[in-house]
Amino acid sequence: MTHDSTAIVTGGGGGIGRQICLELASRDCDIVIADIDDAGMDETAELVEAEGQVGRPLHTDLSDVATIESTVDAAVEEFETIDVLVNNAGIAGPTAPCEDVETDDWDATMAVNLTGPFAMCRSVLPHMKADGYGRIVNVASVTGKRPLANRTPYATSKMGLIGFTRTLAAEVGAHDINVNAICPGSVDGPRIQRVFERQAEATDRTSEAVRGDAQADSPRGELVQREDVAGLVGFLCSDRADRITGQDINVSAGKVMY
Ligand SMILES: NC(=O)c1ccc[n+]([C@@H]2O[C@H](COP(=O)([O-])OP(=O)(O)OC[C@H]3O[C@@H](n4cnc5c(N)ncnc54)[C@H](O)[C@@H]3O)[C@@H](O)[C@H]2O)c1
């Protein structure tokens, strides 16, 4: 990533994605924010502009390949090059034993968490190859590395995303395109609070107890902050990381060590 780069960040309308937008903007990147949350995207765009960079919200539904393609086309038309793609958006999917998971919920989770990143990469790669440069970061999860009972669709999608990351990295390294995955542990914020509440319901405990267990599950005894994940995205897109590709790097307060 050099001065005046352009990044597409999916799910940049809130949560970790917004923090990633701000991290990349602080590194002189213009940001295309691709999300379904129009109000959230506008807020992120304002924050990016306050950093002195262009923040361009483009309504994109990752479960609709046609909108992915039109977003990439619009981004290329406006900014000419796409230097960075961060496939951050993801949904939690259902919390239920496998035999109770509806096919529609399974498909919806795969669409956003796995097919969306694939389709984004497929659209962006010809441009990155033409430029001879690209940095792709896929936000997976520690649940992409170890099982999480009652979350088969989510875990399977994130395990698939790590496999996709490695395979794509092997394909495109010769074009100076790096592809890495970040595997966050539980990141503090409203989304994880909702997950804790659903887990609490499914296991007949309080959400405080589930949160306490999540914290105790790491050597540092704490949850991860959004800035921790965003900072690693910034590093992976910097020239200090030119020879890092095909990796899945945990940001989990030590919760997962492989
Ligand atoms: N929060 C955590 O504890 C945690 C832990 C591990 C991994 N992750 C991963 O980090 C990523 C970001 O998580 P978050 O906590 O910021 O989530 P979040 O729910 O706060 O934000 C997700 C963003 O994605 C957008 N989005 C949802 N569906 C979309 C769709 N169909 N098309 C386009 N955008 C869509 C939402 O509007 C939202 O802005 C996800 O991939 C998630 O799986 C999160």
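Just above, that's the structure.
Just so it is clear, the model here is predicted, and its values are computed rather than measured.

What follows deals with the pairing of strand S1 (residues 5–10). A regular strand carries its side chains on alternate faces of the sheet. Most of S1 is tucked away: six of the six residues are buried. Neither face of S1 is open: one carries Ser 5, Ala 7 and Val 9, the other Thr 6, Ile 8 and Thr 10, and all of them are buried. As judged from the six bridges shared by S1 and strand S2 (residues 29–35), these two strands associate in the parallel manner. Residue pairing for S2: Ile 8 is matched across the bridge by Val 32. With helix H1 (residues 15–26) bridging S1 and its parallel neighbour S2, the resulting β-α-β unit is right-handed. Alignment of S1 against strand S4 (residues 84–87), held across three bridges, turns out to be parallel. The partner of Ile 8 across the bridge, within S4, is Leu 85.

The subject of this paragraph is the site of the ligand. Taken together, 28 residues are adjacent to the ligand, and Asp 35, Asn 88, Tyr 154, Val 187 and Arg 191 come closest. Between a nitrogen atom of the ligand and a main-chain N or O atom of Thr 60, the distance comes to 3.4 Å. In the environment of the ligand, an oxygen atom lies 3.1 Å from a nitrogen or oxygen atom belonging to the side chain of Arg 191. In isolation the ligand offers 830 Å² of accessible surface; the protein chains occlude 89% of this area. Within the residue set of the shell around the ligand, elements represented by two or more residues are H1, helix H5 (152–172) and helix H6 (190–203). Ranked by residue count, the leading element in the shell around the ligand is H6, at three residues. Looking at the shell around the ligand residue by residue, the classes come out as 12 nonpolar, 10 polar and six charged.

In this structure, Ile 8, Leu 85, Met 120, Ile 136 and Leu 168 are the most contacted members of the largest nonpolar core, which totals 34 residues. Sorting the residues of this core by element identifies S2, helix H3 (65–79), helix H4 (103–131), H5 and strand S6 (177–184) as the ones contributing at least two each. Among the elements that make up this core, the one with the highest residue count is H4 (seven residues). Dropping the residues within four chain positions of it, Ile 8 is found in contact with Val 32, Ala 34, Val 72, Ala 75, Ile 82, Val 84, Leu 85, Val 86, Met 120 and Val 124. Listed in part, the 29 residues of the second largest apolar core include Ala 7, Val 9, Val 84 and Ala 230.

To continue, consider the sheet that holds strand S3 (residues 55–59). Within the open sheet, the seven strands sit side by side as S3-S2-S1-S4-S5-S6-S7. Their pairing is parallel. Whereas interior strands pair on both sides, the edge strands pair on one side only; in this sheet they are S3 and strand S7 (248–251). In this sheet, adjacent strand axes meet at a mean angle of 20° when their direction is disregarded. The sheet contacts of H1 involve S1, S2, S4 and strand S5 (134–139), and relative to S2 the element is tilted by about 165°. On the sheet, helix H8 (residues 226–236) packs against S4, S5, S6 and S7 and is oriented at approximately 165° with respect to S6.

Thresholds applied
- In this numbering scheme, every chain counts its residues from 1 along its sequence in written order.
- Only residues with pLDDT of 70 or above have their local features reported here, since the model is predicted, and side-chain atom pairs are shown and tallied only from 80 upward, although totals for entire chains, interfaces and linings are computed over all residues.
- The basis for every side-chain value is the complete set of non-hydrogen atoms in the structure, without hydrogens or water.
- Buried residues are those whose accessible area, probed at 1.4 Å on protein chains only, stays under 20% of the maximum for their type, while exposed residues exceed 50% and partly exposed ones sit between those limits.
- The helix and strand labels rest on DSSP assignments: H or I over at least four residues marks a helix, E over at least two residues marks a strand, and numbering proceeds from the N terminus.
- Paired strands, in this sense, are two strands between which DSSP finds at least two bridges.
- When the strands point away from the viewer, a crossover counts as right-handed if the route from the first strand across the helix to the second turns clockwise.
- Near is defined per residue: the residue qualifies when any heavy atom it owns lies within 4 Å of the molecule or strand.
- Contacts described as polar in this section are N or O atom pairs within 3.5 Å, which, within protein, must combine one atom able to donate a hydrogen with one able to accept it, while residues neighboring in sequence count only if both atoms come from side chains.
- Accessible areas in this description were obtained via Shrake-Rupley with a 1.4 Å probe; residue shielding takes into account the shown protein chains only.
- When residue character is reported, Ala, Val, Leu, Ile, Met, Phe, Trp, Tyr, Cys and Pro are called nonpolar, Asp, Glu, Lys and Arg charged, and the others, Gly included, polar.
- We define a nonpolar core as any set of buried Ala, Val, Leu, Ile, Met, Phe, Trp, Tyr and Cys residues linked to one another through side-chain atoms lying within 4.5 Å.
- Contacts are assigned to residue pairs with any non-hydrogen atoms lying within 4.5 Å of each other.
- Think of each axis as a best-fit line through the C-alpha atoms, taken over the contacting stretch in the case of a helix, with angles from 0 to 180 degrees between the N-to-C directions.

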